[in-house]
Amino acid sequence: MASPTVNFETVTRLLDDSISNLGFESHPLKIGWYNDVLPASLRQPHHEDTLAVVVLSTPDMFERAFLPFMEKGCCQGVSDPIDQCVKHTINSAISQSFPGKKVEVSYDYEMLPASRKPKFLAQTAAHVAGAAYYYQEADVTDHPWGDKKKFGVCIHPRFGGWFAIRALLVFEGVQVGCEVLQSSPPDCVPSREARIQLLEDFNLRWQDWKYRDIIPPVQRYSQRQRDYFSTRPAQRPALLQEWG
Ligand code: B12
């Protein structure tokens, strides 16, 4: 069977057929959109017209993909179980949806060996793909923090802060024409006051989950998922065992 044509319109439909029911979302972008806002040292080494996709996990990922992955005993070795599950899910989706295609995958937790910089800037990718607005210090006029750096945070129009940015897929050799227009992510935190609240909640008290509710989300992480992420990594296997 001939493999389906991969282009800007079809790529996320093909991918979503395998991963949306597991709690993942995918959003297409052009590498040029990403590279245009970054300095040379952080750009992706691909032609500006190359097709890419940013993959997010939604609150459902934990119950639909992660717990079944653990129950089936698929987790092996010492690397983080969530990272293993995400990698397994995305790799299976790629081989199923794009057989024979060369797809380079970078995960959120991967660093470049020489520079120790992230392999891709997840928040920048999510913003330029129109998936989730990236609120940074520069988005707050006259910010009150002086030279105390505040890290930026993405807010998803449906899930608020209850999601994560997991991977960037680059479809090497697949070029997107200039007819594809970039769309801005929804600016769901438009006021200066709310942006200050958001960046302070994210930087100073992210453990209380409050920054994630800066807009009313359609869904939050389940209590179980919150318990899992609030537990130190070394204690998480015991927690999973306790749940049976
Ligand atoms: Co963290 N972390 N992190 N983190 N972290 C990530 C940012 C990410 C994306 C991971 C994920 O989703 N899987 C999430 C954020 C999700 C979101 O935004 N909604 C995340 C989270 C959730 C957290 C925590 C809450 C813990 C947790 O639950 N995992 C805490 C919260 C912060 C805190 O400590 N209070 C947390 C902590 C950390 C530490 C350990 C402190 C470090 C440092 C944080 C930082 O540097 N931002 C950390 C890291 C290193 C990362 C990681 C791996 C890399 C971030 C990074 O180094 N960026 C990312 C995953 C990833 O990206 N691969 C997760 C490099 C800097 C230089 O990038 O500040 O965005 P930057 O600057 C660039 C942009 O401004 C861009 O150019 C700059 C570079 O030159 N730019 C742009 C310039 N102009 C413009 C214009 C536009 C329009 C755009 C879009 C971009």
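Positions within a chain are numbered from 1, following the residues in the order the chain's sequence is written. Only residues with pLDDT of at least 70 are given local features in this predicted model, and only at 80 or more are side-chain atom pairs given and counted; all residues enter the totals for whole chains, interfaces and linings. As a convention, hydrogens and water are excluded, and side-chain values are obtained from all of the structure's heavy atoms.

Participant: Describe the packing of aromatic side chains, with residues and values.
Facilitator: What characterises a pair of aromatic rings is the spacing of the ring centres plus the angle enclosed by the ring planes. Two rings belonging to Phe, Tyr or Trp (six-membered ring only in the last case) form a pair when the distance between their centres is within 6.5 Å. Interplanar angles under 30 degrees mark stacking, angles over 60 mark edge-to-face geometry, and anything in between is tilted. Counted according to the given criterion, the structure contains 15 aromatic pairs. Ring plane angle 55° and centroid distance 5.4 Å describe the contact between phenylalanine 62 and tyrosine 228, whose orientation is recorded as tilted. In this pair, phenylalanine 62 sits in helix H3 (residues 61–71) while tyrosine 228 sits in helix H7 (residues 223–230), placing the two residues 166 residues apart along the sequence. An identical accessibility class is assigned to phenylalanine 62 and tyrosine 228; each is buried. With a centroid separation of 5.3 Å and 70° between ring planes, the pair formed by tryptophan 162 and tyrosine 221 is classed as edge-to-face. With tryptophan 162 in the loop between strand E5 (153–155) and strand E6 (164–175) and tyrosine 221 in the loop between helix H6 (192–204) and H7, this residue pair connects regions lying 59 residues apart in the sequence. Each of the two residues, tryptophan 162 as well as tyrosine 221, counts as buried. Taken together, the aromatic side chains of Phe62, Phe66, Trp162, Trp209, Tyr221, Tyr228, Phe229 and Trp243 make up a single cluster linked through ring pairs. When the ring centre of tryptophan 162 is taken as origin, the NZ or CZ atom of arginine 212, which lies over that ring, is 5.7 Å away. Working rule: Lys NZ or Arg CZ, within 6 Å of ring centre, within 35 degrees of ring normal, means a charge sits over the ring. Its end group placed over the ring of tyrosine 228, arginine 236 keeps NZ or CZ at 4.9 Å from the ring centre. Starting at the N terminus, helices and strands are each numbered in turn, a helix being any DSSP run of H or I of at least four residues and a strand any DSSP run of E of at least two. Accessibility here uses a 1.4 Å probe with only protein chains present; expressed as a share of the type maximum, an area under 20% marks a residue as buried, one over 50% as exposed, and anything in between as partly exposed.

Participant: Go over the site of the ligand, please, and point to the residues and values.
Facilitator: Here, proximity means that at least one heavy atom of the residue falls within 4 Å of the molecule or strand. The local shell around the ligand holds 26 residues, among which Asp108, Tyr134, Gln136, Cys154 and Ile165 are the closest. Any pair of N or O atoms that falls within 3.5 Å is considered a polar contact. Within protein, one atom must be able to donate a hydrogen and the other to accept it, and sequence-neighbouring residues count only if both atoms are side-chain atoms. In this structure, a nitrogen atom belonging to the ligand sits 2.9 Å away from a main-chain N or O atom of isoleucine 165. Looking at the shell around the ligand, the elements with two or more residues in it are helix H5 (122–128), E5, E6 and H6. It is H5 that contributes the most residues to the shell around the ligand, four residues altogether. In this count, Pro and Cys sit with the nonpolar residues alongside Ala, Val, Leu, Ile, Met, Phe, Trp and Tyr, while Asp, Glu, Lys and Arg are called charged and the others, Gly among them, polar. Class assignment for the residues of the shell around the ligand results in 19 nonpolar, five polar and two charged.

Honestly, that's just the spatial picture; any functional story needs more than this.
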